[in-house]
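The residues making up each chain are set out below.
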Amino acid sequence: MLDKREAVCRVFGLSERYKMSENQELFLRARGRTFTSFNEDAESQWKGPFFFIQGADPQFGLMKSWEIGDCNYGGDEWEREIRLTKEAVQAINKLNPKPKFFVLCGDLVHSMPGTEWKDQQERDLKNVLQNTNKDIPLVFVSGNHDLGNSPTAETIQTYCNSWGDDYFSFWVAGVFFLVLNSQLFFDASDCPDHKKSHDQWLASQLAIAEERNCKHAIVLQHIPLFIQNADEDNNYFNIEKSLRQELLDKFHKAGIKAVFSGHYHRNAGAKYKDLDMVVTSAIGCQLGNDAHGLRVVVVTEEKIVHKYYSLSELNTRGLDEELMDLIKQN
């Protein structure tokens, strides 16, 4: 049955425009440095256990680029990534109860800003993601392929026009989430003013996490702080060591309990003191031996528990009984 707005639009021949605006709204809920699907006043108090789904790196176009040995190639084929992302959406839609949200931790598509196939890759990704159950908000985190390895004010603005703010925070059931632009930790040489604003905002948000009585505080970003241990050497897949330590100390002081990331296209991570650095493998191209998959994150009053599922496992079996028991706790 049509809702009133769509019925009116059809009378005036505006149905397609209506659908486009409705679908676009799905991708632009991060505005004004917050996320409009969740109201802070309603969500700032603990309401009991819940879970969310974390995915990373659908990266339409990488699978062919990886196979031909040229990751600078933007990728003129992405049918396999479309199929895998459809499988991910299908698995999420089957879950009962529903997750609070579905977050994609960066590298939405493979083509870099301004390159040949980027617009079509993004359109095809949105066509798949718009089939996510409308009661499951979509949260987007910017990655290096979304902004460029050395982002500029222009590439950041283009991303924001398509996917919403590149950094923001929100509350869900007493839990404080910070979505960061980790590319500014990697190379902000071409956008120093944006980095300054991001740093100032992050300091204010960490102060909120430290001062407010939030049940947990969680960071969502693309590039991991580290892969295996906090003292590891610098490489393409982590944050430079001195900055890494600075961030780890700030996060720990503010009470951040977990950082969820992607970028590595393999599952990894470890603890730093009581902070859990979680690295989630890809929906799309695998660079190791993991299956294409998603991570289920259950948040209880006492702890944050997570498990990586292959897309096949999640589609056929759903959540393990152990996780379901945690979700059902009063």
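Here, residues in each chain are numbered from 1, in the same order as that chain's written sequence. Owing to the predicted nature of the model, reporting of local features is limited to residues with pLDDT of at least 70; listing and counting of side-chain atom pairs is limited to 80 or more, with chain, interface and lining totals taken over all residues. Based on all heavy atoms of the structure, the side-chain values leave hydrogens and waters out of the count.

Note the cut-off: UniProt positions are given in the numbering used here, feature names are shortened, and annotations may be inferred rather than shown by experiment.
The name an unreviewed UniProt entry assigns to the protein chain is Serine/threonine-protein phosphatase CPPED1, from the organism Hymenochirus boettgeri. The Cofactor (unreviewed entry) field of the UniProt record for the protein chain holds the comment "a divalent metal cation". The UniProt entry for the protein chain carries the following text under Sequence similarities (unreviewed entry): "Belongs to the metallophosphoesterase superfamily. CPPED1 family."

**Section: the overall build of the protein chain**
Heads up, the rule is: Elements are defined by DSSP. Helices are runs of H or I of four residues or more, strands are runs of E of two residues or more, and each kind is numbered from the N terminus. We compute the radius of gyration from the C-alpha atoms alone; for a globule the expected value is 2.2 Å times N to the 0.38, where N is the number of residues. A 1.4 Å probe rolled over the protein chains alone gives each residue an accessible area, and that area as a share of the maximum for its type sets the label: buried under 20%, exposed over 50%, partly exposed in between. Only the protein chains shown count as cover for residues, with accessible areas throughout obtained via the Shrake-Rupley method and a probe of 1.4 Å. In this tally, Asp and Glu contribute negative charge and Lys and Arg positive charge; neither His nor the terminal groups of the chain are included. Charged side chains are reduced to one point each, which is NZ for Lys, CZ for Arg, CG for Asp and CD for Glu.
Looking only at helices and strands, the protein chain has 13 helices and 13 strands in total. For 330 residues, the compact-globule formula gives about 20 Å, and the C-alpha radius of gyration of the protein chain, at 19 Å, lands near that figure. With the C-alpha coordinates aligned to their principal axes, the bounding extent of the protein chain is approximately 60 × 50 × 40 Å. Taken across its 330 residues, the protein chain has 56% of its residues classed as buried. As displayed, the protein chain has an accessible area near 14,600 Å², and 47% of this comes from carbon and sulfur atoms. With 37 positive and 48 negative side-chain charges, the protein chain shows a separation of 5 Å between the mean positions of the two kinds.

**Quick look at the side chain of Asp166**
As a reminder of what qualifies: For this analysis, a polar contact is any N or O atom pair within 3.5 Å, provided that within protein one partner can donate a hydrogen and the other can accept it, and provided that sequence-adjacent residues contribute only side-chain to side-chain pairs. Contacts between residues were defined by any pair of non-hydrogen atoms, one from each residue, lying within 4.5 Å.
Residue position: Asp166 is located in the loop between α8 (153-163) and β6 (168-172). Its relative accessible area of 1% is what places Asp166 among the buried residues. Engagement of the side chain of Asp166 in a polar contact is seen with the side chain of Arg33, the distance being 3.3 Å. Polar contacts involving the side chain of Asp166 include one to the side chain of His194, which spans 2.8 Å. Setting aside its immediate chain neighbours within four residues, Asp166 contacts Arg33, Ser142, Ile156, Tyr159, Cys160, Val179, Leu180, Asn181 and His194.

**Details of the packing of aromatic side chains**
For the record, the criterion: Only the six-membered ring of Trp is used, alongside the rings of Phe and Tyr, when aromatic pairs are assigned; centres must lie within 6.5 Å, and planes under 30 degrees apart are stacked while those over 60 apart are edge-to-face, with the rest tilted. Lysine and arginine charges are scored as sitting over a ring when NZ or CZ, respectively, is within 6 Å of the ring centre and within 35 degrees of the ring normal.
The final tally for this structure, using the stated rule, is 22 aromatic pairs. Geometrically, the ring pair formed by Phe35 and Phe170 is tilted, given 5.4 Å between the ring centres and 45° between the ring planes. Taken together, the residues Phe35 in strand β2 (residues 34-35) and Phe170 in strand β6 connect sequence positions 135 residues apart. Judged by centre distance (5.0 Å) and plane angle (85°), the rings of Tyr236 and Phe237 are edge-to-face. On the basis of relative accessibility, which here comes to 17%, the residue Phe237 falls in the buried class. A network of ring pairs unites the aromatic residues Phe35, Phe38, Phe52, Phe101, Phe168, Phe170, Phe177 and Phe260 as a single cluster. A cation over a ring is seen here: Lys126 above Trp163, with NZ or CZ 4.8 Å from the ring centre. Geometry around Phe237 places Arg266 over its ring, the cationic atom sitting 5.2 Å from the centre.

**A word on the sheet that holds β6**
The test is simple: Any two strands with at least two DSSP-identified bridges between them are counted as paired. Helix axes are fitted only over the stretch in contact, all axes being lines through C-alpha atoms; the angle between N-to-C directions runs from 0 to 180 degrees.
What the six strands build is an open sheet, ordered β6-β7-β8-β9-β11-β10; its pairing is mixed. Looking at the sheet topology across the chains shown, the edges are occupied by β6 and β10 (268-272). Within this sheet the neighbouring strands show an average axis-to-axis angle of 15°, counted without direction. Relative to strand β7 (residues 175-179), β6 runs antiparallel, the two sharing five bridges. Among the inter-strand pairings, Val172 is bridged to a residue of β7, identified as Val175. Helix-sheet contacts for helix α10 (residues 192-211) involve β6, β7, β8 (216-220) and β9 (256-261), and the interaxial angle to β7 is about 165°.

**So, the pairing of β7**
Most of β7 sits inside the fold, with five of its five residues counted as buried. Residue alternation in β7 divides its side chains into two sets, Val175, Phe177 and Val179 and Phe176 and Leu178, and both sets are buried. Here five bridges tie β7 to β8, and the two strands are oriented parallel to one another. Opposite Val175, over in β8, you have His216 as the bridge partner.

**Observations regarding helix α5 (residues 79-94)**
Note the cut-off: What a helix should span is 1.5 Å times the count of its residues minus one.
Compared with the 22 Å implied by 1.5 Å per residue over 16 residues, the 23 Å span of α5 between its first and last C-alpha is a close match. Contacts from the buried residues of α5 go to β3 (50-55), α4 (62-67), β4 (102-105), α6 (118-129), β12 (293-299) and α12 (311-317).

**Focus on the pairing of β10**
Sheet topology places β10 next to strand β11 (residues 275-279); five bridges connect them, and they run antiparallel. Across the sheet, Ala270 pairs through a bridge with Met277, a residue of β11.

**Some details on the confidence of the model for the protein chain**
Spelled out, the test is: The quantity called pLDDT is the predictor's confidence in a given residue, expressed from 0 to 100.
Scored by pLDDT, the protein chain comes out at a mean of 93, with 92% of its residues at no less than 70. In this model, residues 1-20 is a region of pLDDT below 50 whose contacts with residues beyond four sequence positions or in other chains number 14 contacts.

**Section: the sheet that holds strand β5 (residues 138-141)**
The strand order across the open sheet formed by five strands is β5-β4-β3-β12-β13, and the pairing between neighbours is mixed. Across the chains shown, the open sheet's two edge strands, defined by having one partner strand only, are β5 and β13 (304-310). Averaged over all adjacent pairs, the angle separating strand axes in this sheet is 25°, with direction ignored. Direction of pairing for β3 relative to β4: parallel, over a ladder of three bridges. Within β4, the position partnered with Gln54 by the bridge is Val103.

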